[in-house]
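Observations on the model geometry
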Amino acid sequence: MNTITAASATVPNPVLRVPPAAPAAAAAYFGASLAFHADVSDVAAVLAADGDPGFVVLDSRSTASWDQGHVPGAVHLPTALVPAQAEALLDKSVPVVTYCWGPGCNGATRAALALAELGFQVKEMLGGFEYWAREGFPYETWEGEARRDADPLTAPLDGDCGC
């Protein structure tokens, strides 16, 4: 049913007003999304494991933001400097995972675009530094290592979201 009853009126169902995509189109879209994005928890798990993660993490924020806190081991390269400096700092044979402040910021997307235009393989870390910190992962500041308690609204208490 594509209508709902609300206060004595029948109105179009806002969820199904535009019907879901055909399964093949949905599979193509979601498969492509995973090719372009990495989850904060997945990045953290790989970085915490022993050995080469197979990618480099790039923080595309300003120096002041970097100093406030960044993913341990990340390379710092502000978005505006990617075109001029990426090839000197990064190896094109190693995939890059970009991040910026958080979901409300598109700096990581712009950095990923600039890197892709230079010939790098790249993904964007969903949630950015905001979700890295909110999920309770350790980060580095200009003063040393820091960590916040995980926000129960963004990270399960047992550390396993089941996805």
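Use the structure listed above.
Computed from a predicted model, the values in this text were never measured in an experiment.

Considering the layout of surface pockets
The computed volume of the second largest pocket comes to approximately 240 Å³. Lining the second largest pocket are 16 residues; nearest its centre among them are Leu34, His37, Ala38, Asp39 and Lys123. Looking at the lining of the second largest pocket, the elements that each hand over two or more residues are helix 1 (23-36), strand 3 (37-39), helix 2 (40-48), strand 6 (96-99) and strand 7 (122-126). Considered class by class, the residues forming the lining of the second largest pocket number 10 nonpolar, 3 polar and 3 charged.

Details of the packing of aromatic side chains
Geometry of an aromatic ring pair is reported as the spacing of the ring centres plus the angle between the planes. Per the stated rule, a full pass over the model turns up 4 aromatic pairs. Seen in terms of ring centroids, Phe129 and Tyr139 are 5.3 Å apart; in terms of plane orientation they differ by 85°. Their pairing is edge-to-face. Here Phe129, found in helix 6 (residues 128-134), pairs with Tyr139, found in strand 8 (residues 139-141); they are 10 residues apart in sequence, far enough to count as distant. Residue Phe129 is classed as buried on the basis of its relative accessible area of 7%. Residue Tyr139 is classed as buried on the basis of its relative accessible area of 7%. With a centroid separation of 5.2 Å and 50° between ring planes, the pair formed by Trp132 and Phe137 is classed as tilted. Its relative accessible area of 19% is what places Phe137 among the buried residues. An aromatic cluster is present here, built from Trp101, Phe129 and Tyr139 joined pairwise through their rings. Across the ring face of Phe129, the terminal group of Arg61 is positioned such that the distance to the ring centre comes to 4.7 Å. The ring of Tyr131 is capped by Arg134, whose NZ or CZ atom sits 5.0 Å from the centre of that ring.

Describing the sheet that holds strand 5 (residues 75-76)
The 5 strands are arranged 3-7-6-4-5 in an open sheet whose pairing can be described as parallel. The sheet is open, and its two edges are formed by strand 3 and strand 5, each paired on a single side. Lying on the sheet, helix 2 is in contact with strand 3, strand 4 (56-59), strand 6 and strand 7; it crosses strand 3 at an angle near 70°.

Observations regarding the environment of Glu124
Looking at where Glu124 falls in the secondary structure, it is placed in strand 7. Glu124 sits 18 residues away from Trp142 along the chain, and the two C-alpha atoms are 24 Å apart. Among residues more than four places away in sequence, those in contact with Glu124 are Phe36, His37, Ala38, Val97, Thr98, Ala108 and Thr109. Separated by 2.9 Å, the side chains of Glu124 and Thr109 make a polar contact.

Cut-off values and rules
Residues numbered from 1 in each chain as written. Predicted model: local features only at pLDDT ≥ 70, side-chain atom pairs only at ≥ 80, totals over all residues. Heavy atoms only, no water. 1 Å grid on protein atoms, 1.4 Å probe; cavity = no way out; pocket = protein on both sides within 12 Å on 5 of 7 lines; lining within 4 Å. Points joined across faces, edges and corners; volume = space filled by probe spheres on them. Helix = DSSP H or I, 4+ residues; strand = E, 2+ residues; numbered from the N terminus. Nonpolar A, V, L, I, M, F, W, Y, C, P; charged D, E, K, R; others polar. Phe/Tyr/Trp six-rings, centres within 6.5 Å; stacked < 30°, edge-to-face > 60°. Buried < 20%, exposed > 50% of the residue type's maximum accessible area, 1.4 Å probe, protein only. Lys NZ or Arg CZ within 6 Å of the ring centre and 35° of its normal. Pairing = 2+ DSSP bridges. Contact = heavy atoms within 4.5 Å. Axes fitted to C-alpha atoms, helices over the stretch in contact; angles between N-to-C directions. Polar contact = N/O pair within 3.5 Å; in protein donor to acceptor, adjacent residues only side chain to side chain.

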